[in-house]
Structures are given as structure tokens and as C-alpha cells.
Amino acid sequence: QVQLVESGGGLVQPGGSLRLSCAASGSPFSISNMDWYRQAPGLQRELVAAITSGGSTHYPDSVKGRFTISRDNVKNTVYLQMNSLKPEDTAVYYCSAFTVVAGIPNRYWGQGTQVTVSS
């Protein structure tokens, strides 16, 4: 089992920055990939950043160059630095962890943190 707790959301003006954090507990040693997703009202949840255990990253075009995902394996924490924020970045952001234990894959989710970009 893995528990994920996000923090760092809030209200920011367009062009501003926020950093989200996600702390993992329970069995963090079993985590391979960690990801950030977001879901805006009426829309499907979408991936915004992913990082492997080795540090390889992936971003969709919508956030590439503005968002940066990083990972501290000692603190079992993943971060999402968001710069040049736009109103369309407004959403609930979720941290997710992917594990494979005894050949069985599992995905865990945090509770989500609200990010609102507005003047």
C-alpha cells in the first residue's frame, strides 16, 4: 500500500508560479513511476507530467517548457514546478504512483489539490 499526500495548491495570477509537492508513505520503495494529473470541471483527467524511478521525464505539449517534474527518492517526494501559469491550467491536480509488486500492477492516487489561475 502507498499513501500520497499533495500540498502546494492555491490561487495564483496568470503568469505566476506554484510548486506542488506529493509525499509518499507506506511502501514507497515499491514505486516505479510517479505522475501528476489534472482534472478541470467537465473534462477528463489528463496527464501533465511523469517521471520514472531513473529520472526520465515526459510532458504533454500543453505544459512542455512551463512545468517541471522532479523527484527526491530519499524523501519519497515528487514535485511539480509550474511556471507561466495560464487560466486554462486551473484544475484539481492529483499525484499518482505506479507500483508492481509480485508481478501485480497497482496505481495509487492522492486526494488532489486545487490550482486556480485567475486575476
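Structure's up top.
Residues numbered from 1 in each chain as written. Predicted model: local features only at pLDDT ≥ 70, side-chain atom pairs only at ≥ 80, totals over all residues. Heavy atoms only, no water.

(A) Structural context of the state of the cysteines. A full pass over the atoms with the stated rule returns one disulfide. Shown here is the disulfide that connects C22 with C95, its sulfur atoms set 2.1 Å apart. Handedness here is read from the sign of the S-S torsion; for C22 and C95, about -80 degrees, the answer is left-handed. On the criterion of sequence distance, the pair formed by C22 in strand β3 (residues 18-26) and C95 in strand β9 (residues 91-101) is long-range, its members being 73 residues apart. Taking relative accessible area as the criterion, C22 reaches 0% and is therefore assigned buried. (Disulfide = S-S within 2.5 Å. Helix = DSSP H or I, 4+ residues; strand = E, 2+ residues; numbered from the N terminus. Buried < 20%, exposed > 50% of the residue type's maximum accessible area, 1.4 Å probe, protein only.)

(B) Broad picture of the packing of aromatic side chains. Enumeration over the complete set of coordinates arrives at one aromatic pair. On the numbers, 5.0 Å between centres and 65 degrees between planes, the contact of Y37 with W109 is edge-to-face. Taken together, the positions of Y37 in strand β4 (residues 31-39) and W109 in strand β10 (residues 104-109) put the pair 72 residues apart, joining distant regions of the chain. Sitting over the face of the ring of Y94, R45 holds its NZ or CZ atom 3.8 Å from the ring centroid. One Lys or Arg, R45, reaches over the ring of W109 and ends 4.6 Å from the middle of that ring. (Phe/Tyr/Trp six-rings, centres within 6.5 Å; stacked < 30°, edge-to-face > 60°. Lys NZ or Arg CZ within 6 Å of the ring centre and 35° of its normal.)

(C) Structural view of unusual backbone geometry. Positive phi is not limited to glycine here, since N76 has a value of about 55 degrees. Within the secondary structure layout, N76 lies in the loop between β7 (67-72) and β8 (77-82). Take N76: its relative accessible area is 26%, and that puts it in the partly exposed class. Phi at S84 takes a positive value of approximately 50 degrees, unusual for a residue other than glycine. Positionally, S84 belongs in the loop between β8 and β9.

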